[in-house]
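Residues per chain are reported as follows:
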Amino acid sequence: MSAHESKYTPANPVLRWVEDRLPILGFAKSTLVDYPTPKNLNYWWTFGAILAFMLGVQIVTGIVLAMHYTPEASLAFDSVEAIKRDVVGGRIIQAVHSTGASMFFFAVYIHIFRGLYFGSYKAPREILWILGVIIFLLMMATAFFGYVLPWGQMSFWAAAVITNIFAAIPIIGDPILQLLRGGFAVDNPTLNRFFSLHYLLPFIIAAVVFLHIWALHVPGNNNPIGVEVKSERDTVPFHPYYTMKDFFAVVVFCIPFAWFAFFAPDILGHPDNYIQANPLVTPPHIVPEWYFLPFYAILRAIDFNFILDSKLLGVIAFGGSILILFFLPWLDTAKVRSGTFRPAFKWFYWLFAVNFLLLMWYGAQTPDMKVVGPFTVADVSKLSVAYYFLYFIVILPLLSRFEKPRPLPNSISEPVLGKPAQATT
Amino acid sequence: MIKITTIFAAALIGLGLAAPVTAQEAGHTEAAKQHWSFAGIFGTYDQNQLQRGFQVFREVCASCHSARLLAFRNLAEEGGPAFSEGQVKELAAQYEVSDVTVAGGKRKALPADHWPSPFATELDARDANGGAFPPDMSVLAKARSIEDGFPGWVFNYFTTYAEGGPDYIHALLNAYSEEVPAGVTNSDGTPFTLPEGKYFNAVFPSNSIGMPPPLSDGQIEYAAAADGTTVPLTVEQYSKDVSAFLMWVAEPHLDNTKSAGFKVLAFLLLFAALMYLVKQRLWRKVH
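Since the structure is predicted, the reported quantities are computational estimates derived from the model, not experimental observations.

Chemist: Got a minute to help me understand the overall build of chain B in this structure?
Modeler: Helices and strands together make up the secondary structure of chain B, namely 9 helices and 4 strands. Element order for chain B, N to C, with α for helix and β for strand: α-α-α-β-β-α-α-α-α-β-β-α-α. Whereas a compact globule of 287 residues would reach a radius of gyration of roughly 19 Å, chain B reaches 24 Å, over 25% beyond that. The principal-axis extents of the C-alpha atoms in chain B amount to approximately 85 × 55 × 45 Å. In chain B, buried positions account for 41% of the 287 residues. Look at the contacts in chain B between residues 6 or more apart in sequence, and 64% of them connect residues 24 or more apart. Taken as a whole, chain B presents about 15400 Å² of accessible surface, with 59% of it coming from carbon and sulfur. Side-chain charges in chain B split into 21 positive and 30 negative, and the spacing between the mean points of these groups amounts to 16 Å.

Written as structure tokens, this is what we have:
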């Protein structure tokens, strides 16, 4: 996959014959076994393996569910119930898949925020980061399509509200809307195409994950102190050191996962989704799943016209909030990678994280709810949206001019061997 | 260096300040949480209660409400009311179901059949119920809930609170009053007036419900349980029993899923401990 080509020659003659024609074993050995990895990675770095595991869980459970699911508007709801009631182990497979989506997003948010803190998006890892943003976008699309499939009230109205976002785009908005829905309203054709796409996208995600790992293996891992690997002394082979550490992390991650899947499978969902979709009845309070709430809050916060119509502005803010991540490697001008050595950055970073949680909370509330004094969710969420964007377009580009970073260790081995420099959060 | 705990504490305080300022309309009450045998991770259904609840469902609810996902055979399954197969066969035979493959289009139900709906179509149901549509009861207990503001829902993740549905149904059945209480207002503050043909219910959203009070004290004659215990014949008892039964209808494999969950968790905890030791031993030499 990269500079660290292995000269692997299997001892077994059959394998040697294969290896001469298709060097797949050497490839696997160099990427999964010998791959030199910084020895100071903390547990935040295990979420990459956790995410790979979750993608596998979702694909396997999803394929089994698809064997029993009926993507037809009048049958979909009952077919999901039939899976829970009559398929052997169906209640558990369905619960693992639906709570798995939440666990997947929980892990991806940790993974993204780890990258944001330790500057993992900086040169030479820009393409690695961009591929990650693409995976995140694909995950959001997949989760959205999947949420529509049980065809409950929230499924239906989420499909209606989210597809409607595209109608705000001038000129091409309406054709896109009709293409997505397969008609003028959300109906059976919508369900059919969403099912098809929900089955397709995970495999595209898997392909981009392959590229993501490829792009990781060229420069190698970033690490908590953000100082590049200087010698072999700074690294350990991926196997067994990180395979076993990641394995341990995956098992620990499975404990809360199992807790939700077995004991509270519906606690992360909405009761209204146990009412079959009904185009004639709008639920009193349409809320997306928790992992979309921050972006939903950004969409909703723009309720004023400014040159453009508020609806289009909201869509621009909504799209921009994710697309801006593509430009992050060039927006952050600091030479120092790790937030550990950036005293001012840390404050802005943690404020950004808290702000993101606040947006998540705003997204779940009605806009006219009072938050502080006379100010409603609609008011205060504008502040949060402003900070979200300021962080990327003002703070990160300018901060490095004023900030004096703490001295960096000479190498990975130095802080580990010597005393100072806390290398982790 | 900022500790993560500080960040989370700040976030929690921030959320706490913003916590529930819900507009409460006068005369409307929130459903209160009840004790259920199936609550929490150790909870299981009470078989006697499910049998009583089934009796309430069958004698009262089922005359207007359908439960199209409930099959007769389910009533004999473990972790449910667990009637004997003979009892279920006998019960099914008392009902007629449509079957286009037999002469006359009707035949006696078999255990494999689903619970017959009282009305053929939604239109028929509305015609017979003053325009209101009695919702299907198959997953009703999971389609209803009571709302927990912050920080209640955080604790719910640890207590695995999933009984909002039965809590709501139980509260609703006990929230009827014949007269509209004084001072009741609509959500916009205007005085509340009960529409013609509706009933006042303090828990139902909008307070006016199409369903007449379905239960009254002494209405249903329960047989004594196998061990001779009896329960009071009150609306309170009936409503608890039928709420528990509806929870089972909505989540028939609850007991089973939980017992599988214990095995999985025990395995994961043990496995995690072993993997931790493996990891520690492996990394001991690296520094």
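From this point, the narrative continues.
Chemist: Help me understand the interface of chain A and chain B, please; the structure alone is not making it clear to me.
Modeler: The extent of an interface is frequently quoted as the accessible surface area lost upon association of the parts. Taken together, the contact pairs 52 residues of chain A with 49 residues of chain B. Between chain A and chain B, a total of about 4800 Å² is buried, with carbon and sulfur atoms accounting for 75% of that surface. The tally of links between chain A and chain B comes to 4 salt bridges. The shortest N-O distance in the salt bridge between R91 of chain A and E251 of chain B comes to 2.6 Å. Here chain A and chain B share 11 residue pairs in polar contact (both at pLDDT 80 or more) between them. When contributions to the side of chain A that touches chain B are tallied by element, the ones reaching two or more residues are α4 (76-86), α5 (90-118), α10 (238-263), α13 (343-364), β3 (370-372) and α15 (413-417) of chain A. Looking at the side of chain A that touches chain B element by element, the count peaks at 16 residues for α10 of chain A. In terms of residue class, the side of chain A that touches chain B is made up of 37 nonpolar, 3 polar and 12 charged.

Chemist: Looking at this structure, I do not really get the UniProt feature "domain: Cytochrome b/b6 C-terminal region profile" (unreviewed entry) in chain A. What am I missing?
Modeler: Under the feature "domain: Cytochrome b/b6 C-terminal region profile" (unreviewed entry), the UniProt entry names residues 228-410 of chain A. For residues 228-410 of chain A, the helix share is 57%, the strand share is 4%, and the end-to-end C-alpha distance is 10 Å.

Chemist: Hey, could you run me through α4 of chain A in this one?
Modeler: Side chains that are three or four residues apart share a direction in an α-helix, a result of its 3.6 residues per turn. Across the 11 residues of α4 of chain A, 8 count as buried, placing the element largely inside the fold. Along α4 of chain A, the residues that are buried comprise A76, F77, S79, V80, E81, I83, K84 and R85 of chain A. Looking at the buried side of α4 of chain A, the elements it contacts are α3 (47-68), α5 and α9 (188-217) of chain A together with α5 (140-143) and α8 (235-250) of chain B.

Chemist: Is there a simple way to explain the UniProt feature "binding site: heme b b566" (unreviewed entry) in chain A in this structure?
Modeler: Residue and element names in this part refer to chain A. Mapped onto this structure's residue numbering, the UniProt feature "binding site: heme b b566" (unreviewed entry) falls at H111 and H212. Annotated residues spanning 102 residues; largest pairwise C-alpha distance 13.2 Å, indicating a single compact cluster. In this structure, H111 sits in helix α5. Apart from the residues within four sequence positions on either side, H111 is in contact with F47, G48, L51 and H212.

Chemist: How should I be thinking about the pattern of salt bridges in this particular structure?
Modeler: Opposite charge on two side chains lets them pair, provided their charged atoms get close. The final tally for this structure, using the stated rule, is 22 salt bridges over all chains. Between D332 of chain A and K122 of chain A there is a salt bridge, with its nearest N and O atoms 3.2 Å apart. Linking D332 of chain A in the loop between α12 (310-331) and α13 with K122 of chain A in the loop between α5 and α6 (126-148), this pair joins segments that are 210 residues apart in sequence. Overall, the relative accessible area of 5% leaves D332 of chain A in the buried class. By relative accessible area, K122 of chain A is classed as buried at 5%. Beyond isolated ion pairs, a larger network of salt bridges with shared partners links R91 and D266 of chain A together with K142 and E251 of chain B.

Chemist: Got a minute to help me understand the UniProt feature "binding site: heme c" (unreviewed entry) in chain B in this structure?
Modeler: Residue and element names in this part refer to chain B. Sites flagged by UniProt as "binding site: heme c" (unreviewed entry) map to C61, C64, H65 and M211. Of the residues just listed, which span 151 residues, no C-alpha pair is farther apart than 10.7 Å, and they cluster in one region. One can find C64 in the loop between α2 (47-59) and α3 (85-93). Residues contacting C64, with those up to four places away along its chain left out, are P118, F119, N129 and P134. Mapped onto the elements of the fold, M211 is located in the loop between β4 (208-209) and α8. Accessibility expressed as a relative area gives 24% for M211, which makes it partly exposed. Among residues more than four places away in sequence, those in contact with M211 are H65, L172, L173, Y176 and Y199.

Thresholds, definitions, all that
- Residues numbered from 1 in each chain as written.
- Chains lettered and ligands numbered in written order.
- Predicted model: local features only at pLDDT ≥ 70, side-chain atom pairs only at ≥ 80, totals over all residues.
- Heavy atoms only, no water.
- Helix = DSSP H or I, 4+ residues; strand = E, 2+ residues; numbered from the N terminus.
- Rg over C-alpha atoms; globule rule 2.2 N^0.38 Å.
- Buried < 20%, exposed > 50% of the residue type's maximum accessible area, 1.4 Å probe, protein only.
- Contact = heavy atoms within 4.5 Å.
- Areas by Shrake-Rupley, 256 points an atom, 1.4 Å probe, with all protein chains shown as cover.
- Lys, Arg positive; Asp, Glu negative; His and termini not counted.
- Charge placed at Lys NZ, Arg CZ, Asp CG, Glu CD.
- Buried area = accessible area lost by both parts, 1.4 Å probe.
- Salt bridge = Lys/Arg side-chain N within 4 Å of Asp/Glu carboxyl O.
- Polar contact = N/O pair within 3.5 Å; in protein donor to acceptor, adjacent residues only side chain to side chain.
- Nonpolar A, V, L, I, M, F, W, Y, C, P; charged D, E, K, R; others polar.
- UniProt positions renumbered as here; feature names shortened; annotations may be inferred.

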